[in-house]
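Spelled out from the first residue to the last, the chains are:
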Amino acid sequence: MKLTTQLLFSSTLILFLQPSQAKDTEKKLYEGKISDSHQKKEYFKFTQLQKINGNKTYSKVVYHDLNDKLVLIEEIETINDKLNRYIITQHQIDRRAEVIRQEDKLVFNLKSLSENTEIKSETKDVPDVPLVVGSSIFHLVTQNWQRIAKGKDVDFSIALWARQDTIGFYLRKKSHKSGILIIEMLPSNFFIRQFVDTIEIVFNTRTEQLVSYKGRTNLMIHSEQEWNEFDGFIKINSP
């Protein structure tokens, strides 16, 4: 049974409670289509927006199916480039989850979206390596691609909203040719690595832009009368 990595695009509730002298600026970071991992059929589309206010950054990724039905929203708020709050609203399976940073602790909450009732909660220690939720993996890549291109691994942890835990991962170079850097994302633990398919991220070092992501996502696919985790291929377009 595969370990759920629940990766894909992130953002958070906008809590700009104090006035800032810096003017809010909002821009579209990415957009694109999402197909199955073999790129045989498209299933979803997404748009990611980002707003910066002083030392706070807020990003929001909205996913629709190809009939424009809303299926998923991910939100992330960071302060000084560190996670403050992550919210995921998963309409497909009627779930809403939060990961909130409170000093040296991470508080996980999972609720029924339709009934607004708590299903479970958990508190964990904040790891001592960079913390990733959803699509913030792309920010980590853009910050560290030069290091990765030189053959140096980048360690980090992922906060998994459904498992309510953190798991160590690392990024490493698979190949780098003609300006195309292929990066592998793997669990740090050898035994966990046996049950998780390698995630692959492609980065163009000439344009310094993300190209694609292949692996586990936060989306679901309905088959055999139940919802199953979706491994997809995300073609990323930078406006």
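On a predicted model such as this, the values are computed, not experimentally measured, just so you know.

Quick look at the packing of aromatic side chains
Then step 1. Counting across every chain of the model gives nine aromatic pairs.
Then step 2. Ring centres of Tyr 30 and Phe 138 lie 6.2 Å apart, and the angle between their planes is 80°; on these two criteria the pair is classed as edge-to-face. Taken as a pair, Tyr 30 in strand 1 (residues 25-36) and Phe 138 in helix 1 (residues 136-149) lie far apart in primary sequence, 108 residues in all.
Then step 3. The exposure class of Tyr 30 is buried, given its relative accessible area of 12%.
Then step 4. Given a relative accessible area of 1%, Phe 138 falls into the buried group.
Then step 5. On the basis of an interplanar angle of 25° and a centroid distance of 6.1 Å, the ring pair of Phe 156 and Phe 169 is categorised as stacked. Taken as a pair, Phe 156 in strand 10 (residues 154-160) and Phe 169 in strand 11 (residues 165-177) lie far apart in primary sequence, 13 residues in all. You'll find Phe 156 and Phe 169 in the same group, each marked buried.
Then step 6. Through a chain of ring-to-ring contacts, the aromatic side chains of Tyr 30, Phe 138 and Tyr 213 assemble into a single cluster.

Re the environment of Thr 142
Then step 1. You can see Thr 142 is positioned in helix 1.
Then step 2. Separated by 61 residues in the primary sequence, Thr 142 and Phe 203 place their C-alpha atoms 8.3 Å from one another.
Then step 3. When near neighbours in sequence (up to four residues on either side) are disregarded, Thr 142 contacts Tyr 30, Phe 203 and Leu 210.
Then step 4. At 2.9 Å, the side chain of Thr 142 forms a polar contact with the backbone oxygen of His 139.

A look at the pattern of salt bridges
Then step 1. Across all of its chains, the model carries ten salt bridges by this definition.
Then step 2. One salt bridge connects Glu 31 with Lys 28, and the closest N-O pair in it is separated by 3.1 Å.
Then step 3. Exposure remark for Lys 28: the relative accessible area of 39% places this residue in the partly exposed category.
Then step 4. In this structure, Lys 105 and Asp 125 form a salt bridge, with 2.4 Å as the shortest nitrogen-oxygen distance. Of this pair, Lys 105 sits in strand 7 (residues 105-112) while Asp 125 is found in strand 8 (residues 118-125), placing the two residues 20 residues apart along the sequence.
Then step 5. Overlapping salt bridges bring together Arg 85, Arg 96 and Glu 98 as one network.

Rules used throughout
- Going along each chain's sequence as written, the residues are numbered from 1 onward.
- This being a predicted model, a pLDDT of at least 70 is required before a residue's local features are given, and a value of 80 or more before pairs of side-chain atoms are given or counted; all residues contribute to the totals for chains, interfaces and linings.
- Side-chain figures throughout are based on the complete set of non-hydrogen atoms in the structure, without hydrogens or water.
- Only Phe, Tyr and Trp rings take part, Trp by its six-membered ring, and two of them pair if their centres are within 6.5 Å. Stacked means planes under 30 degrees apart, edge-to-face means over 60, and tilted covers everything else.
- To qualify as a helix, a DSSP run of H or I must reach at least 4 residues; to qualify as a strand, a run of E must reach at least 2; elements of each kind are numbered from the N terminus.
- Accessibility here uses a 1.4 Å probe with only protein chains present; expressed as a share of the type maximum, an area under 20% marks a residue as buried, one over 50% as exposed, and anything in between as partly exposed.
- The contact definition used throughout considers only heavy atoms, calling two residues in contact when any of these lie within 4.5 Å.
- Pairs of N or O atoms within 3.5 Å make up the polar contacts considered here, provided that, within protein, one atom can donate a hydrogen while the other can accept it, and that residues adjacent in sequence are counted only when both atoms are side-chain atoms.
- What counts as a salt bridge is simple: a side-chain nitrogen of Lys or Arg found within 4 Å of a carboxyl oxygen of Asp or Glu.

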